[in-house]
Structure formats: C-alpha cells, structure tokens
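Inside the fold
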Amino acid sequence: MADYRKMWEDLNMDLETHDLLCEALPGAFGDVYLSQENRPEGMGYYNFVVSEIHGVRPAELVEAQKKGTKVFGTFCVYVPDEIVFAAGGIATGLCGGSQFWVPGGEKVLPAATCPLIKASIGARLDRTCPFFSLADIFVGETTCDGKKKAWEILGQHAPVYVMDLPQQKRAKDVAAWADEIRAFLAKVEEVTGKKVTAESLAASIKLINGKRRALQRLYNFRKLPNPPISGKDCLLISQIAFYDDPTRFAEMTNKLCDELDARVKDGVGVYAKGAKRILFTGTPMAIPNWKLHHVVETEGAAVVGEETCTGIRYFDNLVDESQTTLDGMINALAERYMKINCACFTPNTARIDDIKRYAEEYKADGVIDINLKFCTLYDVEGFTVEKTLKEDGIPVLGLETDYNDEDAAQLRTRVGAFLEMLDA
Ligand code: BJ8
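The structure reproduced in this document is the subject of the present report. (Residues numbered from 1 in each chain as written. Predicted model: local features only at pLDDT ≥ 70, side-chain atom pairs only at ≥ 80, totals over all residues. Heavy atoms only, no water.)

A closer look at the pairing of strand E7 (residues 366–372)
Let me state the cut-off plainly: Three exposure classes are used, based on accessible area relative to the maximum for each residue type with a 1.4 Å probe and protein chains only: buried under 20%, partly exposed in between, and exposed over 50%. Every helix listed is a DSSP run of H or I at least four residues long, and every strand listed is a run of E at least two residues long, numbered separately from the N terminus. Strands were regarded as paired on the criterion that DSSP finds at least two bridges between them. With strands facing away from the observer, any crossover in which the path from the first strand over the helix to the second runs clockwise is taken as right-handed.
When you tally the buried positions in E7, you get seven out of seven residues, the bulk of the element. Neither face of E7 is open: one carries Gly-366, Ile-368, Ile-370 and Leu-372, the other Val-367, Asp-369 and Asn-371, and all of them are buried. In the sheet, E7 pairs with strand E8 (residues 396–401) via six bridges, with the strands oriented parallel. Along E8, the bridge assignment pairs Ile-368 with Leu-397. For the crossover from E7 across helix H18 (residues 376–391) to E8, the handedness is right-handed.

Overview of the pairing of strand E5 (residues 277–282)
Counting buried positions along E5 yields six of six residues, so the element is predominantly enclosed. Here E5 shows no split at all, with Arg-277, Leu-279 and Thr-281 on one side and Ile-278, Phe-280 and Gly-282 on the other all buried. Inspection of the sheet shows E5 paired to strand E6 (residues 302–307) by five bridges, in the parallel sense. The residue bridging Leu-279 from the neighbouring strand is Gly-305, located in E6. Regarding topology, helix H14 (residues 291–298) serves as the crossover connection from E5 to the parallel E6, and that connection is right-handed. Where E5 lies against E7, five bridges are found, and the strand directions are parallel. Bridge pairing links Phe-280 to Ile-368 in E7.

Below you can see the structure in the form of structure tokens.
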C-alpha cells in the first residue's frame, strides 16, 4: 500500500492500532482470494481496491472534502444515495464487517448485540477506519432496535441523521417513506449547501441505476450452468460497490463482464463439474466478512447468489427513470426502496417469494440461511423461511455465526454434511 500515514494522522486515527489491522488484512485476503485458481483478469481492479482499502478511496474523499464536497456515511441499503449525489455530496456505505472492531463496540454496547453493529460503532470510536473518521455526517435508519439505539451512542461522537423507515408496506407506508425521503433531501441540502433540482436528481438516479445494472449483469453470469466467476469474487465486488465511486465502479464491472462474456464463449468456468450450487439468504456480509463463502467454496460447492443486502437486494430493482418532476422522482425512489425486503418488515412474505424465485433463477441445489449472532429479526424470520422452503422441497440449512473464526471448523463440518446430503 502507498503511504497514507499523513492522511490517517490528519484524520486523528489511532495509528498504532490501525497498523495491526493493516498487517492482518493482506494475509486474510491472500488466503481467501488470491488462493483461487483461474480468476478473471478483471478482478485485478478489485484486488487493488482491497489492497489500498484504507488509502486510495479515503484519499479521494478527503480531496473532494477539501473542495467543499460533503461525505455521507450510510449504514443501510434503504438510504437513497441518489439524493446525496444529486446535492453534490458523496455517499459511502459504512457497515463494519471485521472482528477487529467488535471489542471497541463492546465497550459501549451490550456483548449480546449483532457484530455488524458492534463493528460499526467500534470502527468509529476506536479511530481505526478512515471512512468512519472522515464522514461529515452518518445516516442511520430505524430498521432494528440495536441500530436505533446505537445511533444515539454514535450521535454523542459525530453528527447523525436517522431516517424513520416504516415497517409495513401498505400504500400509506410507501407515502410515509416518500415524506421521509423529502425530509432527508432537506437535510442533505442543508449539509451540502446545494439545492437538489429535477435535473440533478434525474442524473443521479441514472448514475445509481448504472451501478445496479452493472451488478445485475454480473450476477446473471452466476445463473449459468458453468459460472465463469466465483461467488467469493462476486461478493467482493458487491461489497466494494458500497463505497467505490459509482461511475468508475460501473465501468470496471462492465469491463469485467465483457471478459466474462468471452469466458462463457470459450467455455471457461471456475468450478469443478457437478459442484453443488448454493444460494445464501439472511443477514448482510459487510467487507471483509468472507467467512461463509470461503467455507462453502473450499468445500467444493459454488455460491451462486445471495438474497442479502450485500447481494441481490442491493441492486434488484431499478428506480423508474421516466419521471420529470422532483416530486415524481421522490415517489419513484420511495417505491423502489420499499421493494427491498428486510426482515424488519411485517409481514415480510415477499422476501420468501424472492428466495424461491432466486433459487429457481440461479438454479440452486440448496439454500443456506445465515444469521449474524444476536440478530433477532432474521433469526425469528428464519423459522418461517426454512419451514416454507422445506415445504417447497428446497433443501435448506440454517447457520448462525459472527465475525470471529472460532466456529470455522464447526461451520465447515455442518456445510460439508449439508453438501453430502445434496449429493445423496
Ligand atoms: S435492509 S438487513 S442493511 S437493516 S444484521 S444490524 S438487522 S441486528 S443489517 Fe440490515 Fe438494512 Fe435490513 Fe439490509 Fe440489525 Fe440484524 Fe444486525 Fe442488520
């Protein structure tokens, strides 16, 4: 990695502790990613982004801030990035996926809190992540109780804005979410000092849809009988989508997809013939949480999709681009974002319909329902998810884990047994 110490110092980061994280990441990335055979050349871009994860993009953001641009750190896929970009700001996803940050979160949160929340708070309070240190404002949402209360703690250290997400999907809830987006727009204008216009919002809707289209194109390769790219690589690309520049990300992902087109033509795949195809469903896998994909793929199976917020939920629906007024666009945003099926909604039967549809589209042999420890929402919903899939004859395995590696051997045994069962 190039030398970013001066930038980290200026961001008031804890350099000594941060060095420990920087030392650990290349080894972990090498073991999980660089050990794969026959990767597409286009993965070089994403390898580079990870190798410079705390350097190159934060440096771009700091440069933009010097010119007056505001950076909005967001925690959930319901926060409409389009509004931020339309006001000349930059949105960057912030969910923490590393065990390294969990103890920092536990200093202020109960240990029985999901690791995603603990890591996110720990990254900020321990001053060991440049993204968390540089954000001008954090945008949270009212999805789960743990997050709602965590925003109050984060708010004692940095500016926080919380979007109130309805928890049902009636017409009045979609209208309430549109109102919430209007309030967010006013806040974003206040922070950036710039007005959102119909023109700027139309442009940013196209920008973010462009990122979604690139991801849709990428994921379509995973539906093929002989996928030309691994599930691990696709997970990495999805994770990077949260914080990379959206124009560059779409360009690089489309370029990779051109290479994948050629691979398909040449019959190049990355899995052994007959590899069992697994669809994940459940809680998000924020970077650098690659644990379960690594277990499944090193057990000889293929991860062909994720019904998660770091997978298909992130890009599945586009925002209607035909609206011409600001109001019409805000309603279109509300409709698109309310189609995401997080377990915080009740009822949330559309999520189960999605899982079944994806299992068919991605030709999954089995589904793994993954729950981050202490996520009550997904844990409780898992009962109905698993029961419904079984009734439909779709094999399903429920797994609960967190960010540390202590259960890796146990997970491997359970995944191995599931794959054997699929083989039988
Ligand atoms: S839309 S899944 S990104 S809330 S895993 S923090 S729910 S206790 S992350 Fe999520 Fe938005 Fe929903 Fe997606 Fe709480 Fe559960 Fe932790 Fe979660």
